[in-house]
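Residue-level structure breakdown
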Amino acid sequence: MKDTLYRVTDQPISVEDVMAKVIRPEAGAVTNFIGTVREFTKGKRTLYLKYEAYPSMAEKQLARIGKEIQEKWPEARTAITHRIGRLDISEIAVVIAVSTPHRKDAYAANEYAIERIKQIVPIWKKEHYENGEEWIGDQLETVSYPSGKPEGEEFHD
Amino acid sequence: MKDTLYRVTDQPISVEDVMAKVIRPEAGAVTNFIGTVREFTKGKRTLYLKYEAYPSMAEKQLARIGKEIQEKWPEARTAITHRIGRLDISEIAVVIAVSTPHRKDAYAANEYAIERIKQIVPIWKKEHYENGEEWIGDQLETVSYPSGKPEGEEFHD
Amino acid sequence: MIKVLCFAHIKELTGSDELLLENEELTVQDFLQDMHDRYGINKDCMVAVNEEYAEPGDVMKSGDTVALIPPVSGG
Amino acid sequence: MIKVLCFAHIKELTGSDELLLENEELTVQDFLQDMHDRYGINKDCMVAVNEEYAEPGDVMKSGDTVALIPPVSGG
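Quick caveat: nothing in here was measured; it's all calculated off a predicted structure.

1. Observations regarding the sheet that holds strand 5 (residues 52-53) of chain D
Backbone hydrogen bonds are what pair the strands of a sheet, in a parallel or an antiparallel way. Residues and elements named next belong to chain D. Here five strands make up an open sheet; going across it, the order is 2-1-7-4-5 and the pairing mixed. Two strands lie at the open edges of the sheet, namely strand 2 (18-21) and strand 5, each paired on one side alone. For strand 4 (residues 46-49) and strand 5, the ladder comprises two bridges, and the chain directions are antiparallel. Bridge pairing in strand 5 links Val49 to Glu52.

2. As for the sheet that holds strand 5 (residues 77-83) of chain A
As summarised here, the arrangement of the eight strands in space is 1(A)-5(A)-7(A)-2(A)-2(B)-7(B)-5(B)-1(B), forming an open sheet in which the pairing is mixed. Each having just a single partner strand, strand 1 (6-9) of chain A together with strand 1 (6-9) of chain B make up the two edges of the open sheet. On average, each strand axis in the sheet is tilted by 10 degrees relative to the strand beside it, whichever way the strands run. Across eight bridges, the pairing between strand 2 (residues 29-36) of chain A and strand 7 (residues 92-100) of chain A is antiparallel. Paired with Asn32(A) across the bridge in strand 7 of chain A is Ala97(A).

3. Brief notes about the relation of the copies chain B and chain A
At an RMSD of 0.0 Å, chain B and chain A line up after a rotation of 180 degrees and a shift of 0.0 Å along the axis. Read as a symmetry element, the transformation amounts to a two-fold axis. No C-alpha of chain B approaches the rotation axis more nearly than that of Asn32(B), which lies at 2.5 Å. Most of the interface of chain B is mirrored in chain A: 100% of its interface residues are interface residues there too.

4. Some thoughts on the interface of chain C and chain B
Between chain C and chain B, the residue contacts involve 21 residues of the former and 30 residues of the latter. Each partner contributes to the roughly 2,100 Å² buried at the junction of chain C and chain B, and carbon and sulfur atoms together form 55% of this total. Looking at the side of chain C facing chain B, the largest losses of area belong to Glu51(C), Val72(C) and Gly75(C), adding up to 31% of the total buried there. At the junction of chain C with chain B, the criterion picks out three salt bridges. Of all the secondary-structure elements, those providing two or more residues to the side of chain C that touches chain B are strand 1 (2-6), helix 1 (8-14), strand 5 (52-53) and strand 7 (65-69) of chain C. Top element by residues in the side of chain C that touches chain B is helix 1 of chain C. It accounts for four residues.

5. Some words on the pattern of salt bridges
Per the counting criterion, the structure on display carries 30 salt bridges over all chains. Glu68(A) is paired through a salt bridge with Arg64(A); the nearest N and O atoms lie 3.3 Å apart. Here Arg64(A) and Glu68(A) lie together in helix 2 (residues 55-72), a separation of four residues that amounts to about one turn. Salt bridges here are not isolated pairs; linked through shared partners, they connect Arg103(A), Lys104(A), Glu111(B) and Glu115(B).

6. Some points on unusual backbone geometry
Despite not being glycine, Ser90(A) shows a phi value in the positive range, around 75 degrees. With respect to the helices, strands and loops of the structure, Ser90(A) is situated in the loop between strand 6 (85-88) and strand 7. Look at Asn50(C): it is not a glycine, yet its phi comes out positive at around 50 degrees. With respect to the helices and strands, the residue Asn50(C) is situated in the loop between strand 4 (46-49) and strand 5.

7. Re the interface of chain B and chain A
When the parts of a complex come together, some accessible area is lost, and that lost area is often taken as the interface size. Contacts between the two partners involve 33 residues from chain B, matched on the other side by 33 residues from chain A. Contact between chain B and chain A buries roughly 2,900 Å² in total, counting both sides, with carbon and sulfur atoms accounting for 51%. Sorting the residues of chain B by area buried against chain A places Arg38(B), Arg103(B) and Tyr107(B) first, and these three jointly supply 24% of that buried surface. Applying the counting rule to chain B against chain A returns six salt bridges. Run the count over chain B and chain A and you get 22 residue pairs in polar contact (both at pLDDT 80 or more). Among the elements of the structure, helix 1 (15-20), strand 2 (29-36) and helix 3 (103-120) of chain B are those that each provide at least two residues to the side of chain B that touches chain A. Per-class residue counts for the side of chain B that touches chain A are 14 nonpolar, nine polar and 10 charged. Two elements, strand 2 of chain A and strand 2 of chain B, share seven bridges in a ladder whose sense is antiparallel.

8. Points about the nonpolar core
Grouped together as the largest cluster of nonpolar side chains are 86 residues, with contacts concentrated most on Ile80(A), Ile96(A), Ile117(A), Ile80(B), Ile96(B) and Ile117(B). Those residues within four positions of Ile117(A) in sequence are excluded, and the remaining contacts are Leu62(A), Ile65(A), Ile80(A), Val94(A), Ile96(A), Val72(D), Gly74(D) and Gly75(D).

9. Describing the confidence of the model for chain A
Considering every residue of chain A, the mean pLDDT works out to 88; 85% of them sit at 70 or more. Every residue in residues 139-157 of chain A scores below 50 in pLDDT, and together they form 43 contacts with partners more than four places removed in sequence or on other chains.

10. Regarding the packing of aromatic side chains
Inspection of every chain in the model, using the stated rule, returns eight aromatic pairs over all chains. Between Tyr107(A) and Phe33(B) the ring centres are 5.7 Å apart and the planes differ by 10 degrees, which places this aromatic pair in the stacked class. Placement of the pair is Tyr107(A) in helix 3 (residues 103-120) and Phe33(B) in strand 2, with the two residues belonging to separate chains. Per residue, the accessibility class of Tyr107(A) equals that of Phe33(B), and both read buried.

11. Quick look at the environment of Tyr54(A)
Topologically, Tyr54(A) is positioned in the loop between strand 4 (44-53) and helix 2. C-alpha of Tyr54(A) to C-alpha of Pro25(A): the two residues are 29 residues apart in sequence and 35 Å apart in space. Other than its neighbours up to four places away in sequence, Tyr54(A) contacts Pro122(A), Trp124(A), Leu5(D), Phe7(D), Glu51(D), Thr65(D), Ala67(D) and Ile69(D).

12. A few points about the arrangement of the chains
Comparison of the three pairs of chains in contact shows the highest number of contacts for chains A and B. Regarding chain A and chain C, the two do not touch, and the least distance separating their C-alpha atoms is 10 Å. For chain C and chain D, which are not in contact, the least C-alpha distance works out to 28 Å.

Cut-offs applied
- Numbering of residues starts from 1 in every chain and runs along the sequence as written.
- The lettering of chains begins at A and the numbering of ligands begins at 1, in the order of writing.
- Predicted model: local features are reported for residues with pLDDT of at least 70 only, side-chain atom pairs are reported and counted for 80 or more only, and whole-chain, interface and lining totals are derived from all residues.
- Hydrogens and waters are ignored; side-chain quantities use all the structure's heavy atoms.
- At least two bridges found by DSSP between two strands are what make those strands a pair.
- Numbered from the N terminus, helices here are DSSP runs of H or I no shorter than four residues, and strands are runs of E no shorter than two.
- Between N-to-C directions, angles span 0 to 180 degrees; the directions come from axes that are lines fitted to C-alpha atoms, helices contributing only their stretch in contact.
- Superposition of the copies was done by least squares, using only C-alpha atoms of residues whose pLDDT is at least 70 in both.
- For this analysis, residues touch if any pair of their heavy atoms sits within 4.5 Å.
- By convention, the term buried area covers the 1.4 Å-probe accessible surface removed from two parts as they join, with the contributions of both added.
- Each reported salt bridge corresponds to a side-chain nitrogen of Lys or Arg within 4 Å of a carboxyl oxygen of Asp or Glu.
- Contacts described as polar in this section are N or O atom pairs within 3.5 Å, which, within protein, must combine one atom able to donate a hydrogen with one able to accept it, while residues neighboring in sequence count only if both atoms come from side chains.
- Asp, Glu, Lys and Arg are counted as charged, while Ala, Val, Leu, Ile, Met, Phe, Trp, Tyr, Cys and Pro are counted as nonpolar; the rest, among them Gly, fall into the polar class.
- Nonpolar core, defined: a set of buried Ala, Val, Leu, Ile, Met, Phe, Trp, Tyr and Cys residues in which side-chain atoms within 4.5 Å join the residues together.
- Accessibility here uses a 1.4 Å probe with only protein chains present; expressed as a share of the type maximum, an area under 20% marks a residue as buried, one over 50% as exposed, and anything in between as partly exposed.
- You can read pLDDT as the predictor saying how much it trusts each residue, on a scale of 0 to 100.
- When two rings of Phe, Tyr or Trp (its six-membered ring) have centres within 6.5 Å they constitute a pair, described as stacked for plane angles under 30 degrees, edge-to-face for angles over 60, and tilted for the intermediate range.

Here is the structure:
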């Protein structure tokens, strides 16, 4: 069980499955964060995304985040699954589930997890727009690496 | 659809169903809060709970919370389902789903919702312990109304 | 007639989930005093008139549905 | 031999998802200078050695698996 708490997968993610890993009699609160593919970012329309990962290291970094959470919130239990590959609009990219005895911690620990994912987990997002594509370079979307090479035929995969 | 966003039900709640009501192309973040029945509260063991509601008014108050959220976070969409009746340990009492374009708001609005539920929604919890039962009087669990009358036979419902 | 709904702890105090009052009109304040005298209900209890929370000075009328709302504990 | 894994934008710069270096030993700093000179990779790029983030002064050795980690964008 323990080693499946932190996963990178190329399959669709079930929110219920991730959540089920942290539900327990001591917990009165579970928070989920679900990151979905947003259609518009700053007025620019996304057609779909591709996520690429360094999977073995990404799972280790997710487990590290879980350990950090347990140090900060000893009663919290965390499970995280991140999807890679092609994702269409509104598909689920990541699910974070945190259970705690009391609710305040469940929100704080969950938000901590998503912030850390965006700092240390080797997963990269490539946005595919109507007229091009780009690797997104960081959380704040201030760095990007336009490929300069539209790949029109990919839009109809 | 609109009128099913805020529900009181005596049936088990599906997290995926509640979440599905708020997922949309403009949203990149969804948070869920899931309140489950905790076995131990301050060392006291709960066997099960019963929730009672003033259902029609409770749904109106849930809708009011949704409206308050939309005033504070105009891009947020909220759905809330609260269960009533008998609930065993780890069963889901309430699910709050909030979607927003960006994640910070999804956490803040969701936490606002649970705080308001505990203030204004006419739903009451009765804890059933090994040797008695009591109506829980408020959020902070500082007020309680012991019935003083253990109902042993109910424990095996 | 004013219909009064009782829930949770209140229902145990009144012994019924519904009471009927003969009054044509009654302020929330006077209603709470009456409920206190008859059933020992806390005078700070919240009151809803037709599913909306009411203030002590608000008036309930014949035909209204009133609810005694003890401190809530959902969630 | 040191194996170098390339991802995302880096893979497009090097033209490959894997490079092999003949070095017996190499500091992270020297490695990044080499990658910069050959492929134009940013010298501030993060580096992982055997799946752990490394500091500029850390040494990679033959048999290690190294990864160039451009700014991440998961979540």
